[in-house]
Every structure is written in C-alpha cells, then in structure tokens.
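# Results of the structural survey
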Amino acid sequence: MHVLVTRPEGDGEALRERLEALGVTVSLAPMIEIRPVAGEIDFDGVQALMVTSANALRAVSSIPGSALSLPLYAVGDKTAERARDAGFRTIVAGPSDGLDLVALIGRQLDPTKGAILHLAGDVLAIDPAPLLAAQSFAYRKATVYDSIAADRLTDTTQRYLRNGEIDAVILMSPRTTEVFTRLVQSAGLQQQARNLTYICLSPAVAAPLAPLDAGNVIIASRPRMEEVLALVGKISST
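Residues numbered from 1 in each chain as written. Predicted model: local features only at pLDDT ≥ 70, side-chain atom pairs only at ≥ 80, totals over all residues. Heavy atoms only, no water.

### Here we look at unusual backbone geometry
Which entries qualify depends on this criterion: Helix and strand definitions here come from DSSP, where helices need a minimum of 4 consecutive H or I residues and strands a minimum of 2 consecutive E residues; each element is numbered from the N-terminal end.
One non-glycine residue with positive phi stands out, namely Ser 136, at about 70°. Topologically, Ser 136 is positioned in the loop between helix H6 (128–133) and strand E8 (139–149).

Set out below in structure tokens:
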C-alpha cells in the first residue's frame with residue numbers, strides 16, 4: 001500500500017515514521033508551508049492561552065518566563081506534548097476538535113479573570129472569537145505563523161497519480177483538502193484522483209473533496225491521529 005501524506009514539513013516526516021512502522025510505503029506531498037511570523041506577543045491581561053495547532057508552538061521562538069506559567073489549553077494530546085516541550089508548565093490537553101476546546105474553556109475559566117490569547121496561524125479552520133464572546137470572554141489572537149499554500153503538485157506526485165501508484169491519501173485539515181483538490185484539478189488528474197481512497201480526520205476535512213467526486217472517502221470515528229493510523233492499518237491489511 002502506497003500512501004500520500006499531505007501534512008506540512010515536520011509533521012509529514014513524523015507521520016511517515018509511524019506509517020512505515022505499519023508496513024506501508026509513504027510519499028510526502030506537503031500542501032501547506034509553515035512560515036513563522038516575527039514579532040513580540042502581548043501577554044498583558046491574559047488569563048490563559050489557547051493553541052489549536054502544534055505549528056503555533058513550533059513557530060514561536062521564545063516565550064517569556066511569566067507567560068510559561070499561564071494555563072495553556074491545547075487541542076489534542078500531540079499539541080499538548082509540544083507545549084510541554086516548549087516549557088509551558090500548566091497544560092490542559094483538551095479535545096481534538098476546536099469547538100470542543102472552546103466549550104472546555106467556557107466551562108473551566110471565569111471570563112472576568114482576563115482575556116484568552118490564541119496563538120495561531122493566519123488562517124483558522126474555526127474562529128473562536130464569536131464563540132468565546134457569546135460566553136463573555138475577551139479574545140485576542142496572536143498570529144505566529146503564516147500558512148502558504150502550494151502552487152502545484154510536485155512532478156513526482158503527479159507521476160505517481162498519473163501511473164496509479166498511489167493507493168490512499170491522508171488529509172488532516174480542511175485547508176489541506178482544499179489545496180489538494182485545487183492542485184489535482186489544475187494538473188488535470190481528476191480521473192486518477194477519483195479512484196483513490198481518502199482517509200480524513202473529520203467530516204469537515206473531507207468536505208472539500210466534493211469536486212473530485214471521490215468514491216472512497218473514509219472518516220475517522222474521532223478526530224485523532226490514532227484513529228487515522230488505525231484506519232491505515234485496517235486498509236493495508238485487507
């Protein structure tokens with residue numbers, strides 16, 4: 001089984017190792033490039049931090065010691081691990097879904113105690129601002145990285161698709177799926193892509209595949225990497 005991994009550099013390599021341990025062949029085709037944004041972050045008046053992507057923690061070069069003691073709400077266990085590596089001391093490993101993470105913040109924190117600071121990229125899959133405002137929280141966003149979409153599929157990826165050498169594609173974010181779909185269309189590879197198996201983290205991740213009329217889209221039962229890996233293992237063994 002030959003799997004195409006579309007995650008950004010760093011994330012893609014880490015996923016490749018785990019997939020190869022399952023005995024599958026892996027090719028990397030990042031759809032998004034992560035570029036850190038320089039600048040100081042204002043932590044004044046903040047009661048807690050929110051992080052919905054581990055890329056934010058990779059992008060921040062330095063955090064003042066006082067900020068490292070702030071509670072940090074992380075989406076999923078992997079982002080929480082990255083927060084620990086970055087030196088944060090009070091970490092809440094929340095659900096793997098941004099909406100559920102916002103709900104958790106609403107249940108555990110007091111809006112009168114200060115703002116929620118979101119360390120994030122330039123593009124958000126879910127905007128927490130109106131959700132937190134509805135619970136009377138002050139919300140601030142610090143953009144710590146830009147996510148740059150690929151402008152074409154690599155020659156190697158196009159060749160694999162054209163020759164039917166790819167069996168499955170792993171998709172982990174709606175934007176990644178949007179970029180993949182657009183680049184497949186630009187390369188004129190819709191027919192080849194239609195026959196692939198797509199392993200998606202959630203229904204929202206799968207939705208942008210609609211223009212490809214994909215016949216085999218499999219969605220993880222929970223938006224967790226372990227669920228995606230389990231699906232790969234199941235498919236590769238059949």
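### Quick word on the pattern of salt bridges
Here is the rule: Any Lys or Arg side-chain nitrogen found within 4 Å of a carboxyl oxygen on Asp or Glu counts as a salt bridge. The classification of residues rests on relative accessible area computed with a 1.4 Å probe and restricted to protein chains. Under 20% of the type maximum is buried, over 50% is exposed, and intermediate values are partly exposed.
This model, assessed by the stated rule, comprises eight salt bridges. Its salt-bridge partner being Asp 11, residue Arg 58 comes within 2.6 Å of it at the nearest N-O pair. Taken as a pair, Arg 58 in helix H2 (residues 54–59) and Asp 11 in helix H1 (residues 11–20) lie far apart in primary sequence, 47 residues in all. Under the relative-accessibility criterion, Arg 58 is labelled partly exposed at 36%. The exposure class assigned to Asp 11 is buried, which follows from its relative accessible area of 9%. Between Arg 35 and Glu 33 there is a salt bridge, with the nearest N and O atoms lying 3.2 Å from each other.

### Some details on the pairing of strand E1 (residues 2–5)
Applied cut-off: What makes two strands pair is DSSP finding at least two bridges between them. A clockwise path from the first strand over the helix to the second, with the strands pointing away from the viewer, defines a right-handed crossover.
Both faces of E1 are covered, namely the face carrying His 2 and Leu 4 and the face carrying Val 3 and Val 5. In the sheet, E1 pairs with strand E2 (residues 25–28) via four bridges, with the strands oriented parallel. Bridging from a neighbouring strand, Leu 4 pairs with Ser 27 of E2. Taken together, E1, H1 and E2 constitute a β-α-β crossover, and its handedness is right-handed.

### Focus on the sheet that holds strand E7 (residues 115–121)
Selection rule: For helices, the fitted line uses only the C-alpha atoms of the stretch in contact; every axis is such a line through C-alpha atoms, and the angle between N-to-C directions lies from 0 to 180 degrees. Whether two residues are in contact is decided by their heavy atoms, any of which lying within 4.5 Å being enough.
If you trace the six strands from one edge of the open sheet to the other, you get E3-E8-E7-E4-E5-E6, paired in mixed fashion. The open sheet terminates on both sides in strands that have one partner only, identified here as strand E3 (32–36) and strand E6 (90–94). Direction aside, neighbouring strands of the sheet carry axes that sit 25° apart on average. In this structure, E7 lies alongside E8, joined through six bridges in parallel fashion. Across the sheet, the residue bridging to Gly 121 is Tyr 145, located in E8. Of the strands in this sheet, strand E4 (46–51), strand E5 (71–75), E6 and E7 touch helix H5 (residues 98–108), which is tilted by about 150° from E5.

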